[in-house]
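Below are the chains, spelled out letter by letter.
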There are 2 protein chains.
Amino acid sequence: MPKKVRIALDAMGGDIGASVVIPGAAISLTRHPDSEFLLFGDSALIEKELANHPALKAVSKVIHTDVAVSMHDKPSQALRRGRKVSSMWLAIEAVKKGEADVAVSAGNTGALMAMARFCLRMLDGIERPGLAAIWPTTRGDSVVLDLGATIGGDANHLKTLAVMGSAMASALFDLARPTVGLLNIGVEEIKGGDEIRDAAELLRNANLPQLEFVGFVEGDGIGRGDADVIVTEGFSGNIALKAAEGTARQFAEYLRNAMARTWRSRIGYLFAKNAFKAVRDKVDPNKSNGAVFLGLRGIVVKSHGGTNADGFAYAVDVGYDMVRYDLLTKINQMLNRDGQALPASPAAQEAVS
Amino acid sequence: MPKKVRIALDAMGGDIGASVVIPGAAISLTRHPDSEFLLFGDSALIEKELANHPALKAVSKVIHTDVAVSMHDKPSQALRRGRKVSSMWLAIEAVKKGEADVAVSAGNTGALMAMARFCLRMLDGIERPGLAAIWPTTRGDSVVLDLGATIGGDANHLKTLAVMGSAMASALFDLARPTVGLLNIGVEEIKGGDEIRDAAELLRNANLPQLEFVGFVEGDGIGRGDADVIVTEGFSGNIALKAAEGTARQFAEYLRNAMARTWRSRIGYLFAKNAFKAVRDKVDPNKSNGAVFLGLRGIVVKSHGGTNADGFAYAVDVGYDMVRYDLLTKINQMLNRDGQALPASPAAQEAVS
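Source: prediction; values computed, not measured.

### Notes on the overall build of chain A
In terms of regular secondary structure, chain A is built from 14 helices and 11 strands. At 21 Å, chain A has a C-alpha radius of gyration in line with the 20 Å of a compact globule built from 353 residues. Taking the principal axes of the C-alpha coordinates as reference, chain A spans close to 60 × 60 × 40 Å. When each of the 353 residues of chain A is scored for burial, the buried share is 59%. Expressed as a percentage of contacts within chain A between residues at least 6 apart in sequence, the contacts between residues at least 24 apart total 73%. In the form shown here, chain A has an accessible surface area of approximately 13,700 Å², with 49% of it arising from carbon and sulfur atoms. The average position of the 40 basic charges and that of the 40 acidic charges among the side chains of chain A differ by 5 Å.

### What about the interface of chain A and chain B?
On the side of chain B, 56 residues touch chain A, which itself brings 57 residues to the contact. In total, chain A and chain B occlude about 4,900 Å² of area from one another, counting both sides; carbon and sulfur atoms represent 74% of this. At the boundary of chain A and chain B, one finds 4 salt bridges. Notably, a salt bridge pairs A:Arg249 with B:Asp220, separated by 3.7 Å at the nearest N-O pair. Linking chain A with chain B are 10 residue pairs in polar contact (both at pLDDT 80 or more). When contributions to the side of chain A that touches chain B are tallied by element, the ones reaching two or more residues are strand 5 (130-137), helix 9 (219-224), helix 10 (234-261), helix 11 (263-271) and helix 12 (273-282) of chain A. Take the side of chain A that touches chain B: its biggest share by element is 21 residues, from helix 10 of chain A. Across the side of chain A that touches chain B, the residue classes break down as 30 nonpolar, 18 polar and 9 charged.

### With respect to the domain arrangement of chain A
Residue and element names in this part refer to chain A. Partitioning chain A into structural domains gives domain 1 (1-129 + 295-353) and domain 2 (130-287). Look at where the C-alpha atoms of domain 1 and domain 2 centre, and you get two points 23 Å apart. Each side of the interface is counted separately: domain 1 has 26 residues, and domain 2 has 27 residues. Here domain 1 packs against domain 2, burying approximately 2,400 Å² in sum over the two surfaces, 64% of which is carbon and sulfur. When the buried area of domain 1 at its contact with domain 2 is split by residue, Arg128, Tyr314 and Met334 rank highest and sum to 25% of it. Summed over the shared surface of domain 1 and domain 2, the result is 0 salt bridges. Remark: the boundary between domain 1 and domain 2 carries 6 residue pairs in polar contact (both at pLDDT 80 or more). Broken down by element, the residue count for the side of domain 1 that touches domain 2 peaks at 5 residues, all from helix 14 (residues 327-336).

### Description of the sheet that holds strand 6 (residues 140-145) of chain B
Whether parallel or antiparallel, the strands of a sheet pair through hydrogen bonds between backbone atoms. Pairing is mixed across the open sheet formed by 11 strands, whose spatial order is 3-2-1-4-11-10-5-6-9-7-8 (chain B). Edge positions in the sheet fall to strand 3 (60-64) and strand 8 (212-217) of chain B, since each of these pairs with one other strand and no more. With strand direction ignored, the average angle separating the axes of adjacent strands in the sheet is 25 degrees. Pairing of strand 10 (residues 291-294) of chain B with strand 11 (residues 299-302) of chain B involves 3 bridges; the strand directions are antiparallel. Its bridge partner lying in strand 11 of chain B, B:Val292 is registered against B:Val301. Contacts from helix 10 of chain A reach strand 5 (130-137) and strand 7 (179-183) of chain B within the one sheet, and its direction differs from that of strand 5 of chain B by about 35 degrees. Together, strand 4 (102-105), strand 5, strand 10 and strand 11 of chain B form the strand contacts of helix 6 (residues 109-120) of chain B, whose direction differs from that of strand 11 of chain B by roughly 175 degrees.

### A few points about the packing of aromatic side chains
Scanning the model with the defined rule gives 3 aromatic pairs over all chains in all. The interplanar angle of 55 degrees and the centroid separation of 6.2 Å between the aromatic rings of B:Trp89 and B:Phe118 together place this pair among those described as tilted. You can see B:Trp89 sitting in helix 5 (residues 87-96) and its partner B:Phe118 sitting in helix 6, a full 29 residues away along the chain. The exposure class of B:Trp89 is buried, given its relative accessible area of 3%. Over the ring of A:Tyr314 we find A:Arg31; its NZ or CZ atom is 4.7 Å from the centre of that ring.

### Focus: helix 14 of chain A
Each turn of an α-helix holds 3.6 residues, which means side chains three or four residues apart point in the same direction. All names here are of chain A. For helix 14, every residue scored as buried is listed here: Leu327, Ile331, Met334 and Leu335. In a view along the axis of helix 14, the buried residues occupy a sector of 95 degrees, so they form one face of it. In this structure, the buried residues of helix 14 make contact with helix 7 (155-173), strand 10 (291-294), strand 11 (299-302) and helix 13 (309-324).

### Side note on unusual backbone geometry
Residues and elements named next belong to chain A. In this chain, Leu145 is followed by Asp146 through a cis amide linkage whose omega measures 0 degrees. The residue Asp146 is located in the loop between strand 6 (140-145) and helix 7 in this model. Phi is positive for Arg121, close to 70 degrees, though the residue is something other than glycine. Topologically, Arg121 is positioned in the loop between helix 6 (109-120) and strand 5.

### Concerning the relation of the copies chain A and chain B
Between the two copies, chain A and chain B, the superposition gives an RMSD of 0.0 Å; the rotation angle is 180 degrees and the shift along the axis is 0.0 Å. The superposition operator between the copies reduces to a two-fold rotation axis. Considering only C-alpha atoms, the residue of chain A closest to the rotation axis is A:Gly268, which sits at 1.8 Å. Interface overlap between copies: 98% of the residues of chain A at the interface are likewise at the interface in chain B, consistent with a symmetric, same-surface contact.

### Re the pairing of strand 6 of chain B
Looking along a regular strand, one sees the side chains alternate between the two faces of the sheet. All names here are of chain B. Here 6 bridges tie strand 5 to strand 6, and the two strands are oriented antiparallel to one another. For Ala133, the partnering residue across the bridge sits in strand 6 and is Val144. As consecutive antiparallel partners, strand 5 and strand 6 are separated by 2 residues. The pairing of strand 6 with strand 9 (residues 229-231) spans 3 bridges and is parallel. Paired with Val144 across the strands is Ile230, a residue of strand 9.

### Considering the side chain of B:Ser303
Residues and elements named next belong to chain B. Locating Ser303 in the fold gives a position in the loop between strand 11 and helix 12 (309-324). At 3.0 Å, the side chain of Ser303 and the side chain of Asn289 are in polar contact. Apart from residues lying up to four places away in sequence, Ser303 is in contact with Ser105, Ala106, Asn289, Phe312 and Ala315.

Conventions adopted
- Residues numbered from 1 in each chain as written.
- Chains lettered and ligands numbered in written order.
- Predicted model: local features only at pLDDT ≥ 70, side-chain atom pairs only at ≥ 80, totals over all residues.
- Heavy atoms only, no water.
- Helix = DSSP H or I, 4+ residues; strand = E, 2+ residues; numbered from the N terminus.
- Rg over C-alpha atoms; globule rule 2.2 N^0.38 Å.
- Buried < 20%, exposed > 50% of the residue type's maximum accessible area, 1.4 Å probe, protein only.
- Contact = heavy atoms within 4.5 Å.
- Areas by Shrake-Rupley, 256 points an atom, 1.4 Å probe, with all protein chains shown as cover.
- Lys, Arg positive; Asp, Glu negative; His and termini not counted.
- Charge placed at Lys NZ, Arg CZ, Asp CG, Glu CD.
- Buried area = accessible area lost by both parts, 1.4 Å probe.
- Salt bridge = Lys/Arg side-chain N within 4 Å of Asp/Glu carboxyl O.
- Polar contact = N/O pair within 3.5 Å; in protein donor to acceptor, adjacent residues only side chain to side chain.
- Nonpolar A, V, L, I, M, F, W, Y, C, P; charged D, E, K, R; others polar.
- Domains from an automatic or database assignment.
- Pairing = 2+ DSSP bridges.
- Axes fitted to C-alpha atoms, helices over the stretch in contact; angles between N-to-C directions.
- Phe/Tyr/Trp six-rings, centres within 6.5 Å; stacked < 30°, edge-to-face > 60°.
- Lys NZ or Arg CZ within 6 Å of the ring centre and 35° of its normal.
- Arc of directions from axis to C-beta.
- Least-squares fit on C-alpha atoms with pLDDT ≥ 70 in both.

Right under this line is the structure:
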């Protein structure tokens, strides 16, 4: 039996906090009994929830703090108020100190990123982090990044995202050379802004051994599984992800309403209940919860702030998988392979805006 | 009976051309018998298709040209080769000459936009066109723009899109003061790039009588119907639209497969067939086909290049509606109302890149 996976949780993160985080951790524990937890936050609230989950309680340690980062704090405010004392910071710091293998928070993205950069620092040669998630496609799963860690970015930034995303796909999907596409508004060479066309040229010319660049992919190519890794800057990545989630919810709602409308459809529903459930599960945005910050010297997973316990459990699962698949080692290997993946590395940028 | 709606079609546009365009027009004609058509393109191909659609033939005039714009022509190439002679140009020119009320093409977006700008010119005070479409939401329909006419753009560009989109929503949905949201990666004031935050301030301060600015909307807010009009620059708008379309197709495929898997689900399907059809129809990207170029001195509708006859018919329907709802007059009124909708107007830019 390998050693346990030690997961640090920001128990105060998200719209709801401990009453989602603790039951979520309990669900994930049933799937991965070899997990251990460090729970950071208001110990009274945490212990109250833990009382309902004895199995989780048995493998958890509670570390009390009064300070929680609010969902509306700007990154700079969060750092000023929450550095060294907030549940979010302490969870990340546990990773830095080697007391945990991964930190998971449903707290606000900007604050989480700022604290993670400040506390863990960036990997050599990486200037800005990326936020990556697993996107279910009709062909299997793909890795999509950046989902909002960084707005905009030049060709080198996109190339770095491509290398990091490939490392993640390679680790998770056991692929020697994942295919990588750049998200664009057309597949022709003339489409998109300069930075995208330059990134395409960089990736094509580099012909990296760790990834196979397949060119541009349009928005509908993500769900079709046109590439194992889809790369874009954070604004459009976030928009793509949320537009897809919104559509999935719309579809589920239409289906629910349609099935309840007539006696024929209600009978049909009874017969096909399991099939429906399978479809709903497949497109349930909750199941895709859990995005990974890439480029840091440690693993930090971001959960949706508005998720429920089931959704938070999936984010914890992602953290578990990243540790078990040894993502960080893999990224380091990918970045340094043949010493050619990244441009001559500028000094890692440590200031946080 | 009001006068007929005269529709100019680029019969050579799209991946397939006349064999989609002509049957598509025939379908639209059954829904709007008060349409007339000008069909531009290879007359032999057009006449062959028309032979199968006598009702359409009776209300159509065929204008022959050998020249067609290819789906892969750059805008500059298309203009050089196709200006004054291609089926795309001639369809647009028919609008300029007042021989048609609207032009519809499934040809390549860049070429169509370049030709439309060059031939029709921009409205006073508008520098760059927007491409707008109707997006089905759980609350009704919304107008979303820009879907790819222009990549990027400053706060004034976003404000102009907001005003034009509101005019379209107002005309189509009969709203006195449509709600308008700016697409962003969060609803907090600190989110997004400078241009988006500046646009929010512009729109908030202007407090325009023709629209109600509701702030930022996230990607999943589009399908939820968070605003009647969703405004973004063309890259992210295009990505959002296609990501949503891709997800809808994924869902439909999952559903089809799930319903065929077991005898129980097959029986269920038989009972609930109509309900399924209703759901599939609701999320069928074909039904949302047809995007409108806004900001031009004439109405031009862009159909997906890869659509089928049913899909092309919807694009023709959109063209018909824009004429019947008098979109152009409405936009002009909105732009000029109280003389405050737009900033001091720079000279309309006519050069096409």
